[in-house]
Amino acid sequence: MKLFTAEQVYAADKFTIEKQNITSDELMERAAIQLFNWLHLRMQGAQVKIHLFCGIGNNGGDGLALARHLQDHGYNIEVYVVNYSKKRSKDFLTNLERLKERKIWPNFLEEGSEWPPIKEEEIIVDAIFGIGLNRAPDEWVGNLFEHLESTKAFVLAVDIPSGLFTESVPKREKDVLKANYTLSFQVPKLVFFLPQTGKYTVQWEVLDIGLDKQFLFETDTDYSLIGKNEILPFYRPREKYSHKGTYGHSLIIGGSYGKMGAVQLAARSCLRVGSGLVTVYIPKCGYIPLQTAIPEAMVITDNEDSHISEIELSIEPTAVGLGVGMGTKEGTSEAIANFLKDYKRPVVVDADALNLIAQHKDLLKYLPGQAVLTPHPKELERLIGSWKDDFDKLEKAKVFSDKHDCVLVIKGAHTIIIYKNKGYVNTTGNPGMATGGTGDVLTGMITGLIAQGYEPLQAALLGVYLHGRSGDITVENTGYQALLATDVIEGIGPAFLDLFKVEEKVSAEEDGNE
Ligand SMILES: NC(=O)C1=CN([C@@H]2O[C@H](COP(=O)(O)OP(=O)(O)OC[C@H]3O[C@@H](n4cnc5c(N)ncnc54)[C@H](OP(=O)(O)O)[C@@H]3O)[C@@H](O)[C@H]2O)[C@H](O)CC1
Ligand SMILES: [K+]
């Protein structure tokens, strides 16, 4: 699913209005009906009080139109206009008139107004600012946000939490009204997925307001959301007349005394994603544990007992996963540097190998084209330097990826994959996966996918998606706390199978989206 900028959404609005020969008021009405259907389906006429806070632009207009539908269906509502500007949009005014015709008189809130009392069990609809926000809200509006949050009532945001910009990070937390749920029109916003701004909405959902499909299809975006629909088109089915040689030979290079588990995790997940053969290159001390733990893997040992000191290969791997559990011993760094200078095939670089490259940036020029680098935020900072905020980070990552022709897998709650000027935001995974070893599993998975012939970018997208999906399937049995990296490996099979499951849709919601 594409992630559009506010500018692109406005362009889609304009295009739709012209092509479908409708008025902007009719489009607002569609939006309001979708909001109403969503609420009505869940509330079924319950008389819980709904407080609708509306701004003076089109986001506010959506709120006023929703209030009208709620009133028409007998809901218990109270409407407020947050009067932050003298301006009013045309469709806001139209909808204000329609409320007045029904004898609904909103309360106008201004600087110095007394804030309305709201009970914890009641509902707040936030239609104060939408994607038109272009500066921080005034102090008194921030105070209102604070008051609304302090009531602990459920906050349902219309389109986007008020005070949240679509393309930058707010300066202060109090300038944004935190939402429990956001109903985003047509497309989600990139800010729902970034570490600094994702916290402003607990959950989100998209409401289809019928913006022109062709326009949406043809408009190119810098970011997209990666789910099953994006993965399936490049999934490669297993061929009947194939053999283990068809699916590549992966080599995992890593391990050191006390960190041999990382190699086990990577090698096992590499096998689980379907690599034809897997060999590990490790220091001698890992020989018996590795051979015992993973009978399917082959082992080559270094001359050193406790760390890697030189990488001499008697095999020609299809893809290499480099760095897991490797440590930063002097001899190891040299061995990796020498290895990279000669090696020209696809590579996934992780952990200590990333840190080594960050320390010796000249090594970057030896990386083969489209090398996949899998940094967590600290490792990323060592590679690309510090950033002002999440948007700056993404821009720097794009420049880095373009300059060094590498795929950056920025690990996080929503892992973002950057290749050149595009970003791909992953949708799978859960907090249970914040545990030692899950990164090693990911490295093994991406390596194994490249070995089977996936392009490095595709391997990164599929690997990250399956890794998270496996965690999501597994966590249902373990719960967040008990989830282990090993469990994520065991879930890879079910995650593959899940790719082909067709989701059942709630029919009433489908109807609502017609
Ligand atoms: N396709 C869709 O998604 C549709 C969306 N709809 C809804 O429309 C809003 C966007 O509405 P818009 O009127 O453009 O903007 P807002 O309602 O967010 O803001 C209104 C105006 O407020 C001014 N502004 C901005 N920041 C501040 C601030 N900090 N303090 C005071 N005023 C501010 C700004 O005007 P200025 O001229 O003063 O700069 C805004 O224009 C979208 O989010 C949806 O909810 C449509 O209903 C249907 C289609
Ligand atoms: K809003």
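Reading the values: rules and limits
- Here the residue numbering is sequential within each chain, running from 1 through the sequence in written order.
- For this description, chains carry letters from A and ligands carry numbers from 1, given in the order in which they are written.
- Since the coordinates come from a predicted model, pLDDT governs what is reported: local features require at least 70, and pairs of side-chain atoms require 80 or more to be given and counted, while whole-chain, interface and lining totals use all residues.
- Computation of side-chain values covers all heavy atoms of the structure but excludes hydrogens and water.
- Any residue with a non-hydrogen atom lying within 4 Å of a molecule or strand is treated as near it.
- For the purposes of these results, a polar contact is taken to be a pair of N or O atoms within 3.5 Å, where, inside protein, one atom must be able to donate a hydrogen and its partner to accept one; residues adjacent in sequence count only when each atom of the pair is a side-chain atom.
- Each accessible area is a Shrake-Rupley estimate made with a 1.4 Å probe; only the visible protein chains count as cover when residues are assessed.
- Going along the chain from the N terminus, every DSSP run of H or I of four or more residues is numbered as a helix, and every run of E of two or more is numbered as a strand.
- Residues are grouped as follows: Ala, Val, Leu, Ile, Met, Phe, Trp, Tyr, Cys and Pro are nonpolar; Asp, Glu, Lys and Arg are charged; all remaining types, including Gly, are polar.
- UniProt positions are given in the numbering used here, feature names are shortened, and annotations may be inferred rather than shown by experiment.
- A contact between two residues is defined here by any heavy atoms of the two lying within 4.5 Å.
- Only buried residues count toward a nonpolar core, which is a set of Ala, Val, Leu, Ile, Met, Phe, Trp, Tyr and Cys residues joined through side-chain atoms within 4.5 Å.
- With a 1.4 Å probe rolled over the protein chains alone, any residue whose accessible area is under 20% of its type maximum counts as buried; one over 50% counts as exposed, and the rest are partly exposed.
- Throughout the structure description, domain borders are defined by an automatic or database domain assignment.
- A fitted line through C-alpha atoms represents every axis, and for helices the fit uses only the stretch in contact; the resulting angles, taken between N-to-C directions, go from 0 to 180 degrees.
- Take the far helix as your reference; a near helix turned counterclockwise from it by less than a right angle gives a left-handed crossing, and one turned clockwise gives a right-handed crossing.
- The predictor reports its confidence for every residue as pLDDT, a score running from 0 up to 100.
- Only N, O and S atoms count as donors, using a 2.8 Å cut-off from the metal and 3.2 Å for Na, K and Ca, and because water is excluded some sites may appear unfinished.
- Salt bridge, as used here: a side-chain nitrogen of Lys or Arg that lies within 4 Å of a carboxyl oxygen of Asp or Glu.
- Patch membership requires more than 30% relative accessible area and the absence of a salt bridge. Residues of like charge join within 9 Å; the nonpolar side chains Val, Leu, Ile, Met, Phe, Trp and Tyr join within 5 Å.
- Neither His nor the chain termini are counted; the positive set is Lys and Arg, and the negative set is Asp and Glu.
- By convention, the point assigned to a charge is CZ for Arg, NZ for Lys, CD for Glu and CG for Asp.
- Two strands qualify as a pair provided that DSSP identifies no fewer than 2 bridges between them.
- Buried area is a sum: the accessible area each of two parts loses on coming together, probed at 1.4 Å, counted once for each and added.

### Focus: the site of ligand 1
In the neighbourhood of ligand 1, 24 residues make up the surrounding shell, with Y10, D13, D62, K87 and G130 lying closest. Between ligand 1 and N58, the relevant distance is 2.9 Å, taken from an oxygen atom to a main-chain nitrogen or oxygen of the residue. A distance of 3.2 Å separates a nitrogen atom of ligand 1 from a polar backbone atom of A136. Protein chains shield 87% of the accessible area of ligand 1, which is 930 Å² for the free molecule. Mapped onto the shell around ligand 1, the elements with two or more residues apiece are α1 (6–19), α2 (24–43) and α3 (58–72). Partitioned by chemical class, the residues of the shell around ligand 1 number 13 nonpolar, six polar and five charged.

### Remarks on the UniProt feature "binding site: K(+)" (unreviewed entry) in the protein chain
When the UniProt feature table is mapped onto this chain, "binding site: K(+)" (unreviewed entry) is found at N59, D126 and S162. Spanning 104 residues, the named residues nonetheless gather at one spot, since no C-alpha pair among them exceeds 9.3 Å. Considering the arrangement of structural elements, one finds D126 in strand β5 (residues 123–127). Once you skip the residues sitting within four places of it in the chain, D126 turns out to touch F53, N59, V155, L156, A157, V158, I160, P161, S162 and L177.

### Let's talk about the nonpolar core
Formed by 96 residues in total, the largest nonpolar core has its most connected members in L52 and L373. Ranked by the residues each element gives to this core, the list is headed by α2, at seven residues. Here this core gathers at least three residues from each of two domains, domain 1 (2–219) and domain 2 (246–498). Sequence-distant contacts of L373, defined by excluding residues within four places in its chain, comprise V349, L354, L367, L383, F400, C406, V407, L408 and V409. One finds I226, F234, L265 and Y419 within the second-largest nonpolar core, a separate group that totals 38 residues.

### Section: the side chain of T374
Its place among the elements puts T374 in the loop between β15 (371–373) and α12 (377–384). For T374, a relative accessible area of 0% translates into the label buried. Here D350 takes part through its side chain, which lies 3.0 Å from a polar atom of the side chain of T374.

### Points about the packing of α2 against helix α4 (residues 90–101)
Between α2 and α4, whose axes approach to 10 Å, the crossing angle comes to 65 degrees. Seen from above, α2 lies across α4 with right-handed handedness. Facing S24, D25, M28 and E29 of α2, the residues of α4 in contact are K90, D91, T94, N95 and R98. Here the residues of the contact of α2 with α4 are counted per class, giving one nonpolar, three polar and five charged.

### A few points about the confidence of the model for the protein chain
Close inspection of predicted coordinates is inappropriate in any region flagged by low pLDDT. Here the protein chain averages 95 in pLDDT, while 98% of its residues score no lower than 70. Low pLDDT, under 50, characterises residues 507–514; the stretch is placed with 11 contacts to residues that sit more than four places away or in other chains. With pTM at 0.93, the complex prediction returns an ipTM value of 0.98.

### Considering the coordination of the potassium ion (ligand 2)
Coordination of the potassium ion (ligand 2) by the protein comes from N59 (OD1), D126 (O), F129 (O), V158 (O), I160 (O) and S162 (OG), over a distance range of 2.6 to 3.1 Å. Taken in sequence order, the residues that donate to the potassium ion (ligand 2) follow the motif N-x66-D-x2-F-x28-V-x1-I-x1-S. Considered together, V158 and S162 belong to a single accessibility category, that of buried residues.

### Remarks on the pattern of salt bridges
As enumerated under the stated definition, the model contains 27 salt bridges in all. Between D208 and K213 there is a salt bridge; the shortest N-O distance is 3.5 Å. For K213, a relative accessible area of 51% corresponds to the exposed category. Linking K420 and D405 is a salt bridge whose minimum nitrogen-to-oxygen distance equals 3.6 Å. Taken together, the residues K420 in the loop between β17 (416–419) and β18 (422–426) and D405 in the loop between α13 (390–404) and β16 (406–410) connect sequence positions 15 residues apart. On the accessibility criterion, K420 (29% relative accessible area) is partly exposed. Residue classification places D405 among the partly exposed residues on the basis of a relative accessible area of 24%.

### Here we look at a negative patch on the surface
On the surface, a cluster of negative charge is made up of E304, D305, E310 and E312. For D305, the position within the fold is in the loop between β12 (298–301) and β13 (319–322). Overall, the relative accessible area of 46% leaves D305 in the partly exposed class.

### Examining the sheet that holds strand β7 (residues 179–185)
Pairing is parallel across the open sheet formed by seven strands, whose spatial order is β4-β3-β2-β5-β6-β7-β8. Looking at the sheet topology across the chains shown, the edges are occupied by β4 (107–109) and β8 (201–207). Taking each pair of neighbouring strands and ignoring which way they run, the sheet shows an average axis angle of 20 degrees. Strand direction decides the pairing type here: β7 and β8, joined by six bridges, are parallel. Counted as the bridge partner of Y181 is Q203 from β8.

### So, the domain arrangement of the protein chain
Taken as a whole, the protein chain is organised into domain 1 (2–219) and domain 2 (246–498). Taking only C-alpha atoms, the centre of domain 1 and the centre of domain 2 are 42 Å apart. Taken over both partners, the interface formed by domain 1 and domain 2 buries close to 840 Å², and the fraction arising from carbon and sulfur atoms is 75%. Looking at the side of domain 1 facing domain 2, the largest losses of area belong to F193, L194 and Q196, adding up to 53% of the total buried there. Our enumeration of links across domain 1 and domain 2 arrives at zero salt bridges. Its residues placed into classes, the side of domain 1 that touches domain 2 shows seven nonpolar, four polar and one charged.

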